[in-house]
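Notes for the structure review
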Amino acid sequence: MSPVKAEDLVPHPVKEQFGGVDYCITSPPPWLTTVLVGFQHYLVMLGTTVLIATIIVPLMGGGHAEKAIVIQTILFLAGINTLLQVHFGTRLPAVMAGSYTYIYPAVAIILSPRYALFIDPLERFVYTMRSLQGALIIAGVFQAVIGFFGIWRVFIRFLTPLAAAPFVTLSGLGLFYFTFPGVAKCIEVGLPTLVLVVLFAEYAAHIFARGSFVFGRCSVLVTVVIVWIYAEILTAAGAYNERGPVTQFSCRTDRAGIIQGSPWVRFPYPFQWGYPIFCFQDCLAMMAASFASLIEGISIILDGMCGTLTGTAASV
């Protein structure tokens with residue numbers, strides 16, 4: 001075996017710009033591109049936020065006003081967490097939005113028999129929200145403890161993309177039970193949305209050279225604009241006037257009730273629904289979801305995954 005030469009031990013040279021990557025850390029995109037792509041990321045995140053509120057708020061006994069408040073609170077806190085993460089955290093170009101991992105324990109807590117004793121839906125919503133607050137506080141403290149004390153380093157040594165990707169895939173496939181039946185309730189709007197996103201992002205960006213920016217980087221934004229105009233035309237033309245209430249609620253653009261139920265200006269504040277309630281079984285379920293979200297977050301970083309088609313369909 002020939003001896004190793006000194007020049008063979010030279011590490012890979014550091015480059016300011018890599019081939020095939022348009023924008024690196026030291027080469028940010030122009031302001032117009034930044035605004036458009038950032039707004040598109042917001043739309044995808046808005047879809048996931050609305051989906052989370054749509055799943056849990058009706059089960060808690062809340063109406064349109066409560067759903068609007070929950071959506072506003074999640075968006076407000078997502079903005080604060082994103083700013084903190086960008087300036088003081090890992091500084092990754094990601095929006096700190098709500099996680100799907102917490103939906104399953106949240107639904108289990110909401111459907112607990114002890115909340116069936118409340119007759120008033122609003123009282124049940126407030127009490128359930130206070131229990132969720134307490135469970136989430138304990139889950140957050142659990143994440144902070146295992147992060148600050150370095151306990152997560154022991155687990156991260158055994159976590160590879162090969163082990164994390166199936167976990168995240170199964171978590172995402174479990175959401176099909178909530179998302180795709182909702183798309184099927186209005187197939188004339190949901191199916192064109194999925195088809196247009198795939199066509200714009202995977203095919204049109206490569207076929208049309210001048211449209212690579214519009215279809216490649218702004219495929220979600222273009223799809224949302226086209227499908228929303230299409231849905232508004234169907235609503236104004238009376239295409240759903242003779243349909244059932246479920247179809248009208250899912251397809252019409254004037255039946256969501258979120259805009260009518262949300263105040264013009266509102267700033268969320270801590271414990272806006274009252275002081276949190278700490279229950280052992282609720283906290284234990286959220287701690288398990290918190291551990292799962294750690295694996296999900298690391299796997300997203302390792303695999304480079306960002307965004308989902310279900311979030312895009314929900315945003316429309």
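- As recorded in an unreviewed UniProt entry, the chain goes by Nucleobase-ascorbate transporter LPE1 and comes from Dichanthelium oligosanthes.
- Its UniProt record, at the heading Subcellular location (unreviewed entry), says of the chain: "Membrane".
- Recorded under Sequence similarities (unreviewed entry), the UniProt text for the chain is reproduced unchanged: "Belongs to the nucleobase:cation symporter-2 (NCS2) (TC 2.A.40) family."

**Quick notes on helix H3 (residues 103-110)**
- The buried fraction of H3 amounts to 6 of the 8 residues, a majority that puts the element mostly inside the structure.
- Three or more residues of H3 are buried, namely Ile 103, Pro 105, Ala 106, Val 107, Ile 109 and Ile 110.

**Here we look at the packing of aromatic side chains**
- For the structure on display, the rule yields 5 aromatic pairs.
- Residues Phe 125 and Trp 273 carry aromatic rings whose centres are separated by 6.2 Å and whose planes lie at 80° to one another, so their mutual orientation is edge-to-face. Taken together, the positions of Phe 125 in helix H4 (residues 121-148) and Trp 273 in the loop between helix H12 (258-261) and helix H13 (280-303) put the pair 148 residues apart, joining distant regions of the chain.
- Looking at Phe 125, the relative accessible area reads 1%, which means it is buried.

**So, the side chain of Thr 223**
- Here Thr 223 shows up in helix H10 (residues 219-236).
- Residues in contact with Thr 223, not counting those within four places in the same chain, are Thr 193, Leu 196, Val 197 and Phe 200.

**What about the nonpolar core?**
- Membership of the largest hydrophobic core comes to 25 residues, with the highest contact counts inside it found for Ile 56, Met 60, Val 70, Phe 125, Leu 132 and Met 286.
- Elements with a minimum of two residues in this core: helix H1 (31-60), helix H2 (64-88), H3, H4 and H13.
- Considering each element in turn, this core owes the most residues, 7 residues, to H1.
- In this structure, Cys 186, Val 189, Val 227 and Cys 251 belong to the second largest nonpolar core, which totals 7 residues.

**Section: the side chain of Lys 67**
- Mapped onto the secondary structure, Lys 67 falls in helix H2.
- For the buried residue Lys 67, which engages in no salt bridge, the nearest side chain bearing the opposite charge is Glu 66, 9.5 Å off.
- When neighbours within four sequence positions are excluded, Lys 67 is seen to be in contact with Ala 53, Thr 54, Val 57 and Ile 258.

**What about the pattern of salt bridges?**
- Counted according to the given criterion, the structure contains 2 salt bridges.
- One salt bridge in this structure joins Asp 282 and Arg 114, with 2.3 Å as the shortest N-O distance. Taken together, the positions of Asp 282 in helix H13 and Arg 114 in the loop between H3 and H4 put the pair 168 residues apart, joining distant regions of the chain.
- On the accessibility criterion, Arg 114 (27% relative accessible area) is partly exposed.
- Residues Arg 243 and Glu 188 are paired through a salt bridge, measuring 3.6 Å at the closest nitrogen-oxygen approach. Pair noted here: Arg 243 is in the loop between H10 and helix H11 (245-251) and Glu 188 is in helix H8 (residues 187-207), with a separation of 55 residues, a long-range link.
- Of the residues examined, Arg 243 reaches a relative accessible area of 39% and is grouped as partly exposed.

**Some words on unusual backbone geometry**
- Notably, Phe 271 is not glycine yet its phi reads approximately 55°, a positive angle.
- Within the secondary structure, Phe 271 is located in the loop between H12 and H13.

**Quick look at the packing of H8 against H10**
- Running from N to C, H8 and H10 cross one another at 150°; their axes reach a closest spacing of 9 Å. Regarding the angle of H8 to H10, the classification is roughly antiparallel. Here the hand of the crossing between H8 and H10 comes out right-handed. Contact residues: H8 offers Glu 188, Val 189, Thr 193, Leu 196, Val 197, Phe 200 and Ala 201, while H10 offers Ser 219, Val 222, Thr 223, Ile 226, Val 227, Tyr 230 and Ala 231.
- For the contact of H8 with H10, the residue count by class is 10 nonpolar, 3 polar and 1 charged.

**Concerning the packing of H3 against H4**
- At a closest axis distance of 10 Å, the pairing of H3 and H4 adopts a crossing angle of 135°. Taken together, H3 and H4 sit at an angle that is classed as oblique. The way H3 lies across H4 gives a crossing that is right-handed. Touching Ala 106, Ile 109 and Ile 110 of H3 are Arg 124, Thr 128, Leu 132 and Ala 135, all from H4.
- A class-by-class count of the residues in the contact of H3 with H4 yields 5 nonpolar, 1 polar and 1 charged.

What counts, and where the lines are drawn
- Residues numbered from 1 in each chain as written.
- Predicted model: local features only at pLDDT ≥ 70, side-chain atom pairs only at ≥ 80, totals over all residues.
- Heavy atoms only, no water.
- UniProt positions renumbered as here; feature names shortened; annotations may be inferred.
- Buried < 20%, exposed > 50% of the residue type's maximum accessible area, 1.4 Å probe, protein only.
- Helix = DSSP H or I, 4+ residues; strand = E, 2+ residues; numbered from the N terminus.
- Phe/Tyr/Trp six-rings, centres within 6.5 Å; stacked < 30°, edge-to-face > 60°.
- Contact = heavy atoms within 4.5 Å.
- Core = buried A, V, L, I, M, F, W, Y, C linked by side-chain atoms within 4.5 Å.
- Lys, Arg positive; Asp, Glu negative; His and termini not counted.
- Salt bridge = Lys/Arg side-chain N within 4 Å of Asp/Glu carboxyl O.
- Axes fitted to C-alpha atoms, helices over the stretch in contact; angles between N-to-C directions.
- Parallel < 35°, antiparallel > 145°, perpendicular 65-115°, else oblique.
- Left-handed = near helix turned anticlockwise from the far one by under 90°.
- Nonpolar A, V, L, I, M, F, W, Y, C, P; charged D, E, K, R; others polar.

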